[in-house]
Amino acid sequence: MLHAVFFRSPYPHARIKKVWLDGVLKLPGVVAAFSGESLPELIGPMAQIPLFGVERTLAGNPAIKYFPHLPLARDKARYVGEPVAVVAATDKYLAEDALEAVEADFEPLPPVIDAEQTLERPEVLLYEDWGDNVLMHYTVSGGDVEKAFREADRILEITVPSSRFTGTPIEPRSVVARYDPHHLLLEVWDTTQCPHLVGTWIERAIRIPGLKTRVTVSRLGGGFGPKVSHYPEEIVVPYLAIQTGRPVRWVETRSEHLVGTTHGREQIHRLQVAVKSDGRVLGIRDRIVADMGGGHSWTGLSSIMVSALYVPGTYRIENYSGDLYGVVTNKTPFGAHRGFGKAEAAYVIERVMDSVARELGQDPIEIRKRNFIPPEAFPYRNATGSRYDSGQYAKTLDKALDLLNYSHWRAEQTRLRREGRYVGIGVSVVLEPTSSNRRGAGGYYSVRMRMDPTGTIYVFLSGNDDGTGHALPTAQIVADELAVDVINVHVVEGDSLMCPYGTGSYSSRFGGLGGAAVMLAARQLREKILEVGAALLGETADRLVLSAGSVRVRSAGEKQIALNEVARAAYTALYRLPEGMEPGLELIYHYRDPNVTFLPDERGRVGAYSSFPYAVDAGVVEVDVETGSLTILKYVSVHDCGNQINPKEVEGQHLGSLAHGLGGALYEELLYDSDGQLLTQNFKDYLIPTALDLPPILIGSTVTPNPFTPGGFKGAGEAGAVGPPPCLVAAVEDALAPLGVRVRTLPLKPSSLWELIREHLDRVHSEGGKA
Amino acid sequence: MKEKDNDSSKKSSLMTRRTFLKGGALTTAALSTGVLGAEVGEAHLALEDYPSALKRATVTLKVNGLRHRLEVEPRTTLLEVLREELQLTGTKKGCDRGQCGSCTVLLNGRPVYSCLSLAIEAVGKEILTIEGISDGETLHPVQRAFVQEMGLQCGFCSPGQILATVALLGKNPSPSEAQIRQALAGNLCRCGAYPMIFKSVQTAARLR
């Protein structure tokens, strides 16, 4: 097996004048090396939008700029870490040795670091022929925004930035490829959340007529979004296997991961909010600038659109307009990250609710309750075109406040403040749209199901497990529907040849879509089993039931036949089946999502998601005003994902995503210096929560079933990543209310808080020392 | 390479293993663990020294009770030898620089990061990996506890978490939650399964 290593741009923005590989090719063990400049002609540009690059109107009226994005940079490098050349050697150590001999002549260019600034003044261009640095412009509006502002008692102006952070699965990315030239079959083992899409992308980018792929994902060591994006290594490593005729492997290092795997979240919203004096939010105008980094990642484009679509959140805000700019900069490309755009939207609207409460001198909880979409309004069509399935926001909020013991802590807060301690309470209510089905990326989930002559049931899922555990809930659903033990159900996933085509695992779409598909497939299989059973028993199918591994007559328990006998007959005794019945017990079921709209209307409105779980977080924090350090005294989170297939897994997903959200609120930060260098390239600088960091968390749930899916399921596993940032920022501002501190950026690290506290002290000082 | 060196705009790649080793980090790590012997010098190689880099040392490693005689480059990490030479892929590589804990193995019962240990350091020590803790098909009590309490999600960090737990319980049979957190502080779990991991450790303490 050969080992591939990548030579990456050390510059954020540079012209690549020349890359020398001659010396490299002479080194011990080196078998192949090429650069973007000497890119083999068989390699074409990478797919840019989920499938075929034909979806030029991702929604409504966006202008998306397209350009051929080669897997190895040619002419220009646009972020630190962008692959420029590749070396394959017989041994990984030799490959890394050889990497040091790669010589490249770069002409550094000034980096573009600030998205808002370059939108206003595009002095330096990443793509010269564009004329600006705008990758995409998208607008969406609903209701009558102008009227809302005319009727407002107050108009608030609020700015909410979200900081750059990302998923960092502990398993880095890796690609292994092997080529069989006789069958033109490329076998690829990849750490992706979308094996079928990767296969399609490879077949498009490597121009060998008749090329076939088999993409396999074995157990994924965590996904969290970044493994949804499409990466250069997914083209280059398979190509090396073709070129050399030998299996090739590439394993990402951690610092490669932090510079070369997509980032998330960075965007800034500048809002105007029309408010009545009773606290009702009548309308919002939002101008969003998202920092897309220097590549072209479809998950990034998709993600920022979601931010524009879901700012109204759980509130009845009928008049909304979003004006979104996706701007390229010289940073790592923006891509999917647990919370996918909705995290930013939820953060924004929760900051808005807290600001409204503060400006009107009202209780933030009452403000939220006044604006909630009430339970009787569901299904509810929101201002941007989504039909929310169900929700009982006030009930869930009350449950969270009970768990927190809210009134106790309000009293404690007053008491402790008298002792000079700064304790605050924050609440966040976050919508977590799941099962994304935008045009070009799904709208369906397919399942193949087969009962073998032994009675064993094989279930082939179109989405692979990204480390969250699909096999057990799948087996549970099938076992329930067919009255068998889970041990008889075998779930197969993550193999593009064996499994039905699917767009992958993202957007928490297993619960809402996959669960429904599995359930309906199992029911179809049950019908067939009963029909075969009826023929064998001389009964009619409507008199039969499945029970404990048998088909039996509903009323008379003694007349029955074991499932494996039914299955055996279905495959081997066709003469016992009714005339015309298809043999076998195998089917493919395609579940088409009933609650999405694919094409946006003239105002950009689109029902991009089909199920709408949500969570309410409430937390109590104490800030040490001497040091800026933050202690979480209590944290609760109550979520609602409809009916839960496996409550223990859901609990794990919620607690785990809370850890992720707490990381983003407290520690995680992808920090660039003014030269465009990423300062946080390892886990000593990019801090994710350790066993010591997590506060004790109390979780609970309410159950509001999804009326649109069989089983009543919604997705789960992202809400926890969304709730903590707005909750903790609110709690910190509440704690520091006597100082009038407003949090500007995340994470809430001691140095930032201390800075804010010091600004207050300076202010007091300059005003003459009245503390 | 030499004639091109005077142009400062020419850059080699980002931090590599070699520059890392050359940059003194190895010496620091070695001093702090106090385990490196005379072989240290082998790791300080210049690009011109390729032939000597390829010199191999013959070592005998005792892994999970079995002795393996191997020829390794002196600069090879224990992690690489376990995964690549011995095919013991239960030990994971998450960061390769001692920051995540996925590569945790036990050396004489002590948890160490195998990515920061050279294979040649492990000579004469009992190396225990995740493959070595069960008794045939019978899982180790710590493994049973992790299964019972669902002390994992994706499972990538689990071998490290489990071995760190085995080491903890070896010296402290009934740890408090604070002691558990402390003992597992070097093993990152990005799935955030910590609450279930802590519960698994407590259950393991009872099962042993």
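This is a predicted model, so every value here is computed, not measured.

> Requested: an account of the overall build of chain B, with residues and values cited.
A count of helices and strands for chain B gives nine helices and five strands. Reading the secondary structure of chain B in the N-to-C direction produces α-α-α-α-β-β-α-β-β-β-α-α-α-α. Buried positions account for 50% of the 208 residues belonging to chain B. Look at the contacts in chain B between residues 6 or more apart in sequence, and 54% of them connect residues 24 or more apart. Approximately 9,400 Å² of chain B is accessible, and the part contributed by carbon and sulfur atoms is 52%.

> Please give an account of the interface of chain B and chain A that cites residues and values.
On the side of chain A, 60 residues touch chain B, which itself brings 49 residues to the contact. With both chains or domains summed, chain B and chain A bury close to 4,800 Å², and 57% of this area falls on carbon and sulfur atoms. For the interface between chain B and chain A, the tally reads four salt bridges. For the salt bridge of B:E80 with A:K92, the shortest nitrogen-to-oxygen distance reads 2.5 Å. Where chain B packs against chain A, one counts 18 residue pairs in polar contact (both at pLDDT 80 or more). Those elements that place two or more of their residues in the side of chain B that touches chain A are helix 1 (17–22), helix 5 (78–85), helix 8 (177–183) and helix 9 (194–207) of chain B.

> I'd like a rundown of the packing of helix 6 (residues 141–148) of chain B against helix 9 of chain B, residues and numbers included.
Residues and elements named next belong to chain B. Packing of helix 6 against helix 9 brings their axes to within 8 Å, and their N-to-C directions diverge by 135 degrees. Classified by the interaxial angle, the pair formed by helix 6 and helix 9 is oblique. Of the two possible hands of crossing, helix 6 and helix 9 adopt the one that is right-handed. For the pair formed by helix 6 and helix 9, the contact residues are P141, V142, R144, A145, F146 and Q148 on the first element and I197, S200, V201, T203, A204 and L207 on the second. Within the contact of helix 6 with helix 9, the residues separate by chemical class into eight nonpolar, three polar and one charged.

> Just give me the short version of the environment of A:P10, but keep the residues and values in it.
Along the polypeptide, A:P10 turns up in the loop between strand 1 (2–8) and strand 2 (14–20). Through-space distance from the C-alpha of A:P10 to that of A:G81 is 6.4 Å; in sequence the pair is 71 residues apart.

> Go over the sheet that holds strand 5 (residues 76–77) of chain A with me, naming the residues and quoting the values.
Within a sheet, neighbouring strands are paired by backbone hydrogen bonds and run either parallel or antiparallel to one another. All names here are of chain A. If you trace the three strands from one edge of the open sheet to the other, you get 5-2-7, paired in antiparallel fashion. With partners counted over all chains shown, the strands left at the sheet margins are strand 5 and strand 7 (103–108), one partner each. Inspection of the sheet shows strand 2 paired to strand 7 by six bridges, in the antiparallel sense. For K18, the partnering residue across the bridge sits in strand 7 and is D105.

About the thresholds
- Residues numbered from 1 in each chain as written.
- Chains lettered and ligands numbered in written order.
- Predicted model: local features only at pLDDT ≥ 70, side-chain atom pairs only at ≥ 80, totals over all residues.
- Heavy atoms only, no water.
- Helix = DSSP H or I, 4+ residues; strand = E, 2+ residues; numbered from the N terminus.
- Buried < 20%, exposed > 50% of the residue type's maximum accessible area, 1.4 Å probe, protein only.
- Contact = heavy atoms within 4.5 Å.
- Areas by Shrake-Rupley, 256 points an atom, 1.4 Å probe, with all protein chains shown as cover.
- Buried area = accessible area lost by both parts, 1.4 Å probe.
- Salt bridge = Lys/Arg side-chain N within 4 Å of Asp/Glu carboxyl O.
- Polar contact = N/O pair within 3.5 Å; in protein donor to acceptor, adjacent residues only side chain to side chain.
- Axes fitted to C-alpha atoms, helices over the stretch in contact; angles between N-to-C directions.
- Parallel < 35°, antiparallel > 145°, perpendicular 65-115°, else oblique.
- Left-handed = near helix turned anticlockwise from the far one by under 90°.
- Nonpolar A, V, L, I, M, F, W, Y, C, P; charged D, E, K, R; others polar.
- Pairing = 2+ DSSP bridges.

Everything listed here is a matter of coordinates, which is why it stays silent on function.
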